[in-house]
Each structure stands twice: as C-alpha cells, then as structure tokens.
Amino acid sequence: MSRTTPPRPVDVTAVFPQLAPLARTATRLHPRPGSATPHDSSVGGPLLWPAGEPWPHCDEWHGGPGPVAMVPVAQLYVRDIPLLRTPGRADLLQVLWCPFDHEPDDTPLTALFWRTAADVTDVLAAPPEPFDVEYEGYVPEPCLLAPEQITEYPNPLELSKELQQQLADGSRWQAAGLVNRYVLAPDEFYWSELSVAPGWKAGGWTRWGLTDPVPRPCPACGTGMDPLLTIASSEWKSNTESWIPYEDQALATPSPDHSEPWNPTRLDLARGYDLQLHVCPVSPEHPHIALIQ
C-alpha cells in the first residue's frame, strides 16, 4: 500500500522566496483500514505492549464501575517514520486516550509512551477494554499506514504581518504568471493548498483552524513545543481536495460502499476538527500538550 500526494499547483517559494527557509518536512500517515499486528505502525491497531506492564487507565471518574481503560490511537515505529524524534534508544511511539470528554476542550485525554521495541519480548495478548465510551467516534477503525514525506509551510497567521499582506495581494500572484482563479482569494489559496497538509501526519507545521496561533511553552522547561502528531477527523475536506492522493481520487466521492471516503479511521473529534499533540524539543519525555484545531 502506498499513497502519493499530487504536486502543489504552485511552487510558492518561486513567488515568495522568503518562505523557503520556513519549509518543514512532514510525514503524511495515510491510514487505511487493514489488519495490523503489534509489529506494525498503525492507527487503532494492537500495541506492542509488554505483558508485565500495567495497561494505562484514566484517573478521572466517568460514572462506571472503575477506571476507564485507555484506547489505542496510534503506534509509530521510527523505521516507518524516520523523522520521528524519540528519546534515548526508543524507536517506538504509542498514543492512547480515554474515550470520554475531558475539560477544558471536551476532547479525549491523551497519553504518550516511548519505548524500545527490542526490549518487548513478551507482548500483552489481551489488553483491557473500556467498560464504555462516550462517543463511538472516539474509537478509531484499525488501520495500516502508508507514510509519505511532504513539504509544508506555516499557517498564514504564523507569518509576519508584511508577508501576510503580500500573500493577500493578488497582483503578486498575477505578476508570477498565475491564472485568475488563484488570485481571487490568494491568502485562502495559500492556506488551503500550499501550506499545511490535511489529515493524519507526524511533524510539519501546526494546522491552526479553530483558534489563532497561541504560544505552546513546555510545562517543564518553558521551551516552545513542536508538532508531534496530528490526529485527524478527515483526510481531506471540500477546500483541501487538491491534497487527495492519486490512489484515492477514483473513490473520493461518497458511494454505497464508501459513504465517507475522506474519513477512513471513522474518528470524529469536536465536530470534525483535529487534535494535535506537541512535544518539547529539549526532551520528548517532558509533558506533552494537546490542542484541538
């Protein structure tokens, strides 16, 4: 399984060379339903969890007989996502969450675990399951991944005021020889088609949307946090269809067999938004933060 993102309709650095130093590599994960094993990178699949290590539970009370067992959300091996920065010898990231809303954003509470795969010799065969979930959209469909590296540029609101004004100036785009449909709303065109990719991804730039960019200081040391993982409610939307991989374009419209082809994981967060996890560049083991976007 592989996925290929079409080239961007415009080389934005040819029009705005000052964006070139701001380019970042991101890894689109392209989850698609499949039978994963604990030895695969996956979304919603079984984890390489040591049999002798307690399974994580949520400490908050959710009205049931006891603590809620957390749900596997993602497992990422460095061999599949080489740009994933891990602490020490770790070569595996595991993400779980509590399938109930938590304040302040009414989203699942996330937990990160870094581990070295070779150290896990006895894998937990039957992890506990939550006694209930608040919403079925918090339980991802098991998916295998097709990682693909792409280049991203910042959300317009993370750029200088001067550069924001230049991006909104249609004459700059016309002078570069672009057709009129690109200059009717050039700043929106940059945002939706040239800057940050939609869908599940590791690294890259933050896809701000629900809120404007806000500082993300590390709770432990105050260093600015970096994007780690975007957990997405959809792989594309009506304004980001240019990002649909070639391999999915024939099935991009709803059909009786694929009612929501843009949402292979069946997740639905905060009415279709994304949950973005950020980690400290000084130490990935510092507490992470999660922002709904």
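We now turn to the structure provided with this report. (Residues numbered from 1 in each chain as written. Predicted model: local features only at pLDDT ≥ 70, side-chain atom pairs only at ≥ 80, totals over all residues. Heavy atoms only, no water.)

1. Brief notes about the overall build of the protein chain
Just so we agree on the cut-off: Counting from the N terminus, the helices are DSSP H or I runs at least four residues long and the strands are E runs at least two residues long. Radius of gyration here uses only the C-alpha atoms, and the compact-globule reference equals 2.2 Å multiplied by the residue count raised to the power 0.38. Note on classification: 1.4 Å probe, protein chains only; a residue is buried when its accessible area is under 20% of the maximum for its type, exposed when over 50%, partly exposed between these limits. Residue contacts are counted whenever heavy atoms from the two residues lie within 4.5 Å of one another. Accessible areas in this description were obtained via Shrake-Rupley with a 1.4 Å probe; residue shielding takes into account the shown protein chains only.
Across its full length, the protein chain holds four helices and 14 strands. Its C-alpha radius of gyration of 20 Å places the protein chain within 12% of the 19 Å reference for a compact globule of 293 residues. Principal-axis analysis of the C-alpha atoms gives the protein chain an extent of 65 × 50 × 40 Å. Here the protein chain holds 293 residues, and 51% of them are scored as buried. At a minimum sequence separation of 6, the contacts of the protein chain that also span at least 24 residues come to 76%. Working note: accessible area of the protein chain is about 13600 Å², and carbon and sulfur atoms make up 51% of it.

2. Comments concerning the sheet that holds strand 6 (residues 71–77)
How we decide: The pairing criterion is simple: DSSP has to find at least two bridges between the two strands.
The six strands are arranged 2-9-3-6-7-8 in an open sheet whose pairing can be described as antiparallel. What marks the edges here is a single partner per strand, and that holds for strand 2 (32–33) and strand 8 (107–115). Pairing of strand 3 (residues 42–43) with strand 9 (residues 143–144) involves two bridges; the strand directions are antiparallel. Bridge pairing links Val 43 to Cys 143 in strand 9.

3. Comments concerning the pairing of strand 10 (residues 148–152)
Alternating residues of strand 10 divide into Glu 148, Ile 150 and Glu 152, all buried, and Gln 149 and Thr 151, none buried. Sheet topology note: the strand 1 (residues 24–28)/strand 10 ladder contains five bridges and is antiparallel. Bridge pairing in strand 10 places Thr 25 opposite Thr 151.

4. Examining the environment of Pro 245
The residue Pro 245 is located in the loop between strand 12 (226–231) and strand 13 (275–279) in this model. The exposure class assigned to Pro 245 is buried, which follows from its relative accessible area of 1%. Residues Pro 245 and Leu 194, 51 residues apart in the sequence, show an inter-C-alpha distance of 15 Å. In this structure Pro 245 touches Arg 3, Thr 4, Thr 5, Pro 6, His 30 and Arg 32, once residues within four positions along its chain are discounted.

5. Some words on the sheet that holds strand 1
Keep this limit in mind: Only the stretch in contact is used when fitting a helix axis, every axis being a line fitted to C-alpha atoms; angles between N-to-C directions are given from 0 to 180 degrees.
Taken together, the six strands give an open sheet; going across it, the order is 10-1-11-12-13-14, and neighbouring strands pair in antiparallel fashion. Single-partner strands in this sheet number two, and they are strand 10 and strand 14 (289–292). Taking the axes of each pair of neighbouring strands and ignoring which way they run, one obtains an average angle of 25 degrees across the sheet. Here strand 11 (residues 201–203) runs beside strand 12; their pairing, made up of two bridges, is antiparallel.

6. Regarding helix 4 (residues 186–195)
Taking burial as the measure, the ten residues of helix 4 include eight buried ones, the bulk of the element. Those residues of helix 4 lying buried are Pro 186, Phe 189, Tyr 190, Trp 191, Ser 192, Glu 193, Leu 194 and Ser 195. Tucked into the core, helix 4 has its buried residues touching helix 1 (12–15), strand 10, helix 2 (161–167) and helix 3 (170–175).

7. What to know about the nonpolar core
To keep it simple, the criterion reads: Here, nonpolar core means buried Ala, Val, Leu, Ile, Met, Phe, Trp, Tyr and Cys residues that are tied together by side-chain atoms lying within 4.5 Å of each other.
By size, the foremost hydrophobic cluster in this structure holds 30 residues, and its most contacted members are Val 95, Trp 97, Trp 200, Leu 229 and Ile 231. Only strand 6, strand 7 (92–102), strand 8, strand 12 and strand 13 provide two or more residues apiece to this core. By residue number, the principal contributor to this core is strand 6, which donates four residues. Apart from the residues within four sequence positions on either side, Leu 229 is in contact with Leu 29, Ala 74, Leu 76, Val 95, Lys 201, Ala 202, Leu 275, Gln 276 and Leu 277.

8. Side note on the environment of Pro 46
Take Pro 46: it is sitting in the loop between strand 3 and strand 4 (57–58). For Pro 46, a relative accessible area of 34% corresponds to the partly exposed category. Residues in contact with Pro 46, not counting those within four places in the same chain, are Ala 36, Thr 37, Pro 38 and Gln 75.

9. Section: unusual backbone geometry
Of the consecutive residues Glu 103 and Pro 104, the connecting peptide bond is found in the cis state with omega at 10 degrees. Mapped onto the secondary structure, Pro 104 falls in the loop between strand 7 and strand 8. Notably, His 30 is not glycine yet its phi reads approximately 50 degrees, a positive angle. Summarising the element assignment, His 30 is placed in the loop between strand 1 and strand 2. Take His 30: its relative accessible area is 0%, and that puts it in the buried class. For Arg 266, which is not a glycine, the phi torsion comes out positive at approximately 65 degrees. Positionally, Arg 266 belongs in the loop between strand 12 and strand 13.

10. Considering the state of the cysteines
Basically, it comes down to this: Here, a disulfide means two cysteine sulfur atoms that sit within 2.5 Å of each other.
Tallied over the full model, the rule gives zero disulfides. Free of any disulfide, Cys 58 has its nearest cysteine sulfur in Cys 98, 3.7 Å distant. Take Cys 58: its relative accessible area is 1%, and that puts it in the buried class. Judged by relative accessible area, Cys 98 falls into the buried class, the value being 0%.

The values reported here are purely geometric and, on their own, carry no functional implication.
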